[in-house]
Amino acid sequence: MGRRRQVTVDNISSGADEEPPSSPYRTPHHEVDHTAEPTNDPLAIRLEQLILGADRRYTPFQAARTAGVSMELASRFWRAMGFPDIGQAKALTEADVLALRRLAGLVEAGLLSEPMAVQVARSTGQTTARLAEWQIDSFLAGLTEPPEPGMTRTEVTYPLVELLLPELEEFLRYVWRRQLAAATGRVVQAADDEEMVDRRLAVGFADLVGFTRLTRRLEEEELGELVEAFETTCADLVAAHGGRLIKTLGDEVLYAADDAGTAAEIALRLIETMSNDETMPELRVGIAFGTVTTRMGDVFGTTVNLASRLTSIAPKDTVLVDGALAEELGRHGDAPVSESEAAAEAERAEKSGDAPPAYRFALQPMWQRPVRGLGVVEPWLLTRRTT
């Protein structure tokens, strides 16, 4: 464990010959109560050098000065990426200097504001931190089991990382570019500039029923396998049918789709798939349609809250939607506006010898009920239309 001491942005470069300039963009992290000591473990250092491709060379102050940025801004970027303060230990590399220089250059060129550059650092750090943890916990941990008696895991780790690193790096670049192209395409197709930030989307929550009881009955390994199977199934179905998985929360997933029909199809596919798997608990899904604010890959707003509330009141193995989504399905011909109208349309078609309208979904109005923070809500039960 590293030693702990009081450190602030203003004294993190203690011993330096200049004070960091003040910034109007102070963050809640301008004071911290610990400093992490970089590891001195020989294998850990060798692995770090292999992965980073460079030796430790700079203290934080030296790195900031070499990059041409203030110590305060360098600290804000560093923390935003998810790394602890390291005092004046010589633990940074040429790559750290280059990263600082690039971010600061974007600000100087006017391409990003300073707060936006910090947000870029934070979103990238949070996303890649989760990816790295998953790769170590679920991937490398399994592959580095000693292949022969007497070998230690540490003896296997270095050559394995050496082989995997370039392949994983190239794959990460490929997936990132693919995702960036897809996200850019969605944004430029927005109706107007306002919709680029506050967009109209269908948002769905899928929730395992009785998960809390399961946590008391299952062993930790069994619970982990159940959650992994649930998340994997949801991720595959959401992607295959044109939606986007926003995040997973263990027993719950949040997804979004550009249109109501896609969101409805995903919801019913999830219910159908899970109900055919005896190892899975029952599922319930809630979907709402409306304006959604997107930030750092997440979604926020009343529409998201409504989808969550609909999920919490949905009976097991059912999908509840709000009135706006039901209206969208009717407007696009995915579901009849009413069953009586559908019957009348079918009768008219039969008399004229035409084929009746083909609807994918059926909607049944449910009971009105007050929902905390959202007023009175009238959910609709979504099912597949069989006739």
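Scroll up to find the structure.
Thresholds applied
Residues numbered from 1 in each chain as written. Predicted model: local features only at pLDDT ≥ 70, side-chain atom pairs only at ≥ 80, totals over all residues. Heavy atoms only, no water. Helix = DSSP H or I, 4+ residues; strand = E, 2+ residues; numbered from the N terminus. Buried < 20%, exposed > 50% of the residue type's maximum accessible area, 1.4 Å probe, protein only. Contact = heavy atoms within 4.5 Å. Areas by Shrake-Rupley, 256 points an atom, 1.4 Å probe, with all protein chains shown as cover. Salt bridge = Lys/Arg side-chain N within 4 Å of Asp/Glu carboxyl O. Axes fitted to C-alpha atoms, helices over the stretch in contact; angles between N-to-C directions. Parallel < 35°, antiparallel > 145°, perpendicular 65-115°, else oblique. Nonpolar A, V, L, I, M, F, W, Y, C, P; charged D, E, K, R; others polar. Phe/Tyr/Trp six-rings, centres within 6.5 Å; stacked < 30°, edge-to-face > 60°. Lys NZ or Arg CZ within 6 Å of the ring centre and 35° of its normal.

Peer 1: Quick question: what am I supposed to make of the overall build of the protein here?
Peer 2: Secondary structure assignment for the protein yields 13 helices and 12 strands. Buried residues in the protein amount to 37% of all 387 residues. Considering only intrachain contacts with a sequence separation of at least 6, the fraction spanning at least 24 residues in the protein is 68%. Element-wise, carbon and sulfur atoms account for 53% of the exposed surface of the protein, whose accessible area totals about 22600 Å².

Peer 1: What am I meant to see in the pattern of salt bridges here?
Peer 2: Working definition: two side chains of opposite charge can pair if their charged atoms are close together. The tally for this structure, following the rule as stated, stands at 16 salt bridges. Here Glu-170 ties to Arg-173 by a salt bridge, and the two come within 3.9 Å at their closest N and O atoms. A residue pair is termed a helical-turn pair when its members lie 3 or 4 positions apart in one helix, as Glu-170 and Arg-173 do in helix α6 (residues 153–188) at 3 residues. The partly exposed category is assigned to Glu-170, whose relative accessible area is 48%. A relative accessible area of 45% means that Arg-173 is categorised as partly exposed. In this structure, Asp-207 and Arg-284 form a salt bridge, with 3.0 Å as the shortest nitrogen-oxygen distance.

Peer 1: I keep staring at the packing of helix α3 (residues 71–80) against helix α4 (residues 94–108) and nothing clicks. Help me out?
Peer 2: Each packed pair of helices is defined by two parameters, the angle between the axes and the distance between the axes. α4 packs onto α3 with a crossing angle of 105° between their chain directions and a minimal axis gap of 11 Å. When the axis of α3 is compared with that of α4, the two are roughly perpendicular. For the pair formed by α3 and α4, the contact residues are Ala-74, Phe-77 and Trp-78 on the first element and Asp-96, Leu-100, Leu-103 and Ala-104 on the second. Residues belonging to the contact of α3 with α4 are distributed by class as follows: 6 nonpolar, no polar and 1 charged.

Peer 1: Would you take a moment to explain the packing of aromatic side chains for this structure?
Peer 2: Think of a pair of aromatic rings as described by two things: how far the centres are apart, and how the planes are tilted against each other in angle. By the definition in use, this model includes 2 aromatic pairs. Plain terms: the ring middles of Trp-78 and Phe-83 are 4.8 Å apart, the flat faces sit at 40° to each other, and that makes the pair tilted. Residue classification places Phe-83 among the partly exposed positions, given a relative accessible area of 40%. Centroid distance Phe-171 to Tyr-174: 6.0 Å. Interplanar angle 40°. Geometry classified as tilted. With Phe-171 and Tyr-174 both in helix α6, this residue pair falls 3 residues apart, about one helical turn. The exposure class of Tyr-174 is partly exposed, given its relative accessible area of 49%. Residue placement shows Arg-46 over the ring face of Tyr-158; its charged tip is 4.2 Å from the ring centre.

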